[in-house]
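Coordinate analysis (summary)
Listed below are the residues making up each chain.
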Amino acid sequence: GFLGFGKKTRSYWDGEEPFKILAVSWSQDMAKGFEIYKKIDEDIEGRKDINLEFVGRLPDGLNFRNIKSFPPQSHKALAKSYRSHHALLFLGRDDTCSNTVLEGMNCGLPVIYLPSGSSPENVGELGAAYEGDIFKCVEDIKSRYEDIIRRLLDNPFKISKIGPRYERVLLDVFDK
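Quick look at the structure, then. (Residues numbered from 1 in each chain as written. Predicted model: local features only at pLDDT ≥ 70, side-chain atom pairs only at ≥ 80, totals over all residues. Heavy atoms only, no water.)

1. A look at the overall build of the protein
The secondary structure content of the protein amounts to 6 helices and 6 strands. Its helices and strands in sequence order give the protein the pattern β-α-β-β-α-β-α-β-α-β-α-α, from N to C terminus. The C-alpha atoms of the protein give 17 Å as radius of gyration, which agrees with the globular expectation for 176 residues (16 Å, within 12%). Projecting the C-alpha coordinates of the protein onto the three principal axes gives extents of approximately 60 × 40 × 30 Å. Taking all 176 residues of the protein together, 43% fall into the buried category. Sequence-distant contacts, at least 24 apart, represent 59% of the contacts inside the protein between residues at least 6 apart. Here the protein contributes 26 positively and 27 negatively charged side chains, and the mean placements of these two sets differ by 5 Å. (Helix = DSSP H or I, 4+ residues; strand = E, 2+ residues; numbered from the N terminus. Rg over C-alpha atoms; globule rule 2.2 N^0.38 Å. Buried < 20%, exposed > 50% of the residue type's maximum accessible area, 1.4 Å probe, protein only. Contact = heavy atoms within 4.5 Å. Lys, Arg positive; Asp, Glu negative; His and termini not counted. Charge placed at Lys NZ, Arg CZ, Asp CG, Glu CD.)

The structure is reproduced here in structure tokens:
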């Protein structure tokens, strides 16, 4: 297994292959980062070291030239997409707590995030803040990849940690 942690359940970056990044959005709201995705789509033109894919709904009239796009997927297919990539790109603005970020992290993906909303607090050192240069973010994550992956195995948002906390709250509420 990867890093000595049991069965390999997903693809990990091997240091040689193109770095595969996944972006996901069920909303067509431009605040989900689509303006920045358009810029990144232009920035990655001709680059063979980065493979960027988008799954979800695009705003009407928005098409990418270099980002391969897929329509919304079933939960099972989306989980497979998460597991076949090396990082998650989430550029939502003022998002209070993105399920996409939590899902990606729990599937072992470092997150490239917009330093906005709850993303800096939720991701912290388990990713890289996007401040205009996607290549800088990718190089940052690559340089810390093994450490980030190790730390994601015990991230604070794992369902095994959060579930019992929710259960305690519900039991406290209904026990009164």
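2. What about the pairing of strand 1 (residues 19-25)?
Summarising burial for strand 1: 6 of the 7 residues are buried, a large majority. In the sheet, strand 1 pairs with strand 2 (residues 50-56) via 7 bridges, with the strands oriented parallel. Within the sheet, the bridge partner assigned to Val24 lies in strand 2 and is Val55. As paired elements, strand 1 and strand 4 (residues 87-90) share 3 bridges and run parallel to each other. When the sheet's bridge partners are listed, Leu22 is paired in strand 4 with Leu88. (Pairing = 2+ DSSP bridges.)

3. Concerning the pairing of strand 2
Of all the 7 residues making up strand 2, 6 are buried; the element is thus mostly covered by neighbouring parts of the structure. Regarding the hand of the β-α-β motif, the stretch spanning strand 1, helix 1 (residues 34-43) and strand 2 is right-handed. (Right-handed = clockwise from strand over helix to strand, strands pointing away.)

4. Some remarks on the state of the cysteines
Applying the stated rule across the entire model yields 0 disulfides. Among the cysteines around Cys107, which has no disulfide bond, Cys97 carries the closest sulfur, lying 15 Å off. (Disulfide = S-S within 2.5 Å.)

5. Quick look at helix 2 (residues 75-83)
Taken residue by residue, helix 2 has Leu78, Ser81 and Tyr82 as its buried positions. Seen along its axis, helix 2 keeps its buried residues to an arc of 100°; they face one direction. Opposite its buried face, helix 2 presents the exposed residues Lys76 and Lys80, each directed more than 90 degrees away. Close packing links the buried residues of helix 2 with strand 1, strand 2, strand 4 and helix 3 (99-106). (Arc of directions from axis to C-beta.)

6. Considering the sheet that holds strand 3 (residues 68-70)
Strand order in the open sheet formed by 6 strands is 3-2-1-4-5-6, and the pairing between neighbours is parallel. At either margin of the open sheet sits one strand with a lone partner, and together these are strand 3 and strand 6 (127-129). Ignoring which end each strand starts from, the neighbouring axes of this sheet average 20° apart. Sheet analysis places strand 4 next to strand 5 (residues 111-113), joined by 3 bridges and oriented parallel. Bridge pairing in strand 5 places Leu88 opposite Val111. Running at roughly 170° to strand 4, helix 3 makes contact with strand 1, strand 4 and strand 5 of the sheet. (Axes fitted to C-alpha atoms, helices over the stretch in contact; angles between N-to-C directions.)

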